[in-house]
Every structure is written in C-alpha cells, then in structure tokens.
Amino acid sequence: KIILTFVALFVLFISYLLLPTFYKQGDLSEKLNSELLSKFNLNLKFAKKIKYNFFPKPHFITTESVIFENQMEMSKIGKLKIFVSSRNFFSLKNIEVKDLIFENANFNLNQKNYSFLIDLLNKNFKESDLIIRNSNIFFRNLEDEVLFINKILKMKYYYEPKELKNIFYSDNEIFNIPFSIKSFFNSDK
C-alpha cells in the first residue's frame, strides 16, 4: 500500500507539472507577453513555438524572439528561457514569471535608445533574476555604424534579501580585453 500510494502521488505530481503543455500557444504567448511587459517592461515578439520543460524548474523556452521598444527592434534573442512559479498551473491566468535567461542575444544600442537597458536594470528584482549569457551589445552611432561591441559572457542581476539590495554582476569582453563588473543598487546607495 505504501509503494502504491507513493507511485500514485508521484504520478499526480508529474501530471500537475505537465499541465502547461496543454495551454494554447496563442493564449500562452499573450499571457507571457503581458507578464513580461508588466514585470520587466519588455515588449517581446515570439517568432517560434513556445515549448515547456519542468526540469530542473518549470520554464518555457522559445527561440528567435525579438524585443521592441517604441516600435524599434532592440534585440534579437537566440534562446529565451522564462521560468515560472509552480504555485498554480490549473489556469493560465495564474502563471507568474519568475526568472529570465537570454542566450545568444544581440542588443542594438545607440544614443537615442540606450535608456532601454538602464530602465530594465532600474526594475525591482526582489522576486526575479535576469541572466544574460553569450550575448553581444552593439553600440552604434546615429548613422547605425557599429562603434564597438561589448561581449557579455555571463551577466546576472538579482536581489539579495540578506543585504536588501539588487546585485549586478557581469563578465564581459571588449576589444578582446576581458573585464568584470560588480555593482549593487538599493534605496540608500
């Protein structure tokens, strides 16, 4: 009886974790877009189908996404992982975005739109992490010529509850010279 109960509970748990695979693509895309817009102020367009994985944590994966800011394309993202809270999968309305991972993204910044990145980092990350891996930031002049490229090897922006502050850490490379940045932001400093 104990083994049967354990197996039944395991099957129920796995079934619960698999519920998001049955969401409609259009509704899921709309919900994730609204969550990302409200939480991170990111206007995304998903070009490919959104897939769901529950290992190691429940998350959605999509490729070839695009971030728009004021009708301008800010970034092309090779692979986007959107981690969600596993509190309530019974309804699509209850999906809550937790963490974001951008991989192989190319950000295009110039004098007019560089505030996009600053505004993103000014968001409150108390319940979320932002991770960017193997990506590039193309700094362009107003004629759209590339001035320099900042290669992001790994960047993480997260909230540290013990110290009550947001921490930004990034390993970068510019002109083939590696450098790292560590900074923090809180209401006092």
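Summary of the structure given here.

Here is what the cut-offs are and how they apply
- Residues numbered from 1 in each chain as written.
- Predicted model: local features only at pLDDT ≥ 70, side-chain atom pairs only at ≥ 80, totals over all residues.
- Heavy atoms only, no water.
- Core = buried A, V, L, I, M, F, W, Y, C linked by side-chain atoms within 4.5 Å.
- Buried < 20%, exposed > 50% of the residue type's maximum accessible area, 1.4 Å probe, protein only.
- Contact = heavy atoms within 4.5 Å.
- Helix = DSSP H or I, 4+ residues; strand = E, 2+ residues; numbered from the N terminus.
- Lys, Arg positive; Asp, Glu negative; His and termini not counted.
- Salt bridge = Lys/Arg side-chain N within 4 Å of Asp/Glu carboxyl O.
- Pairing = 2+ DSSP bridges.

## Quick word on the nonpolar core
So, point 1. Counting residues in hydrophobic clusters, the biggest one holds 39 residues, and the most contacted among them are Leu32, Leu36, Leu42, Ile67, Leu100 and Phe102.
So, point 2. With near-sequence residues (within four places) excluded, Leu36 lies in contact with Asn41, Leu42, Leu44, Phe46, Ile82, Val97 and Leu100.

## Describing the side chain of Lys81
So, point 1. One can find Lys81 in strand β4 (residues 72–84).
So, point 2. In this structure Lys81 is buried but unpaired, with Glu103 as the nearest side chain of opposite charge at 4.1 Å.
So, point 3. When residues no more than four places from it in sequence are discounted, the contact partners of Lys81 are His59, Phe60, Ile61, Asp99, Leu100, Ile101 and Glu103.

## Brief notes about the pairing of strand β7 (residues 146–160)
So, point 1. Two elements, strand β6 (residues 130–140) and β7, share ten bridges in a ladder whose sense is antiparallel. Following the sheet pairing, Ser135 is matched in β7 by Ile152.
So, point 2. Taken together, the ten bridges between β7 and strand β8 (residues 165–174) define a ladder with antiparallel strand orientation. Following the sheet pairing, Ile152 is matched in β8 by Asn172.
So, point 3. Linking β7 back to β8 in an antiparallel pair, the connection comprises four residues, with Leu164 at a positive phi of about 55°.

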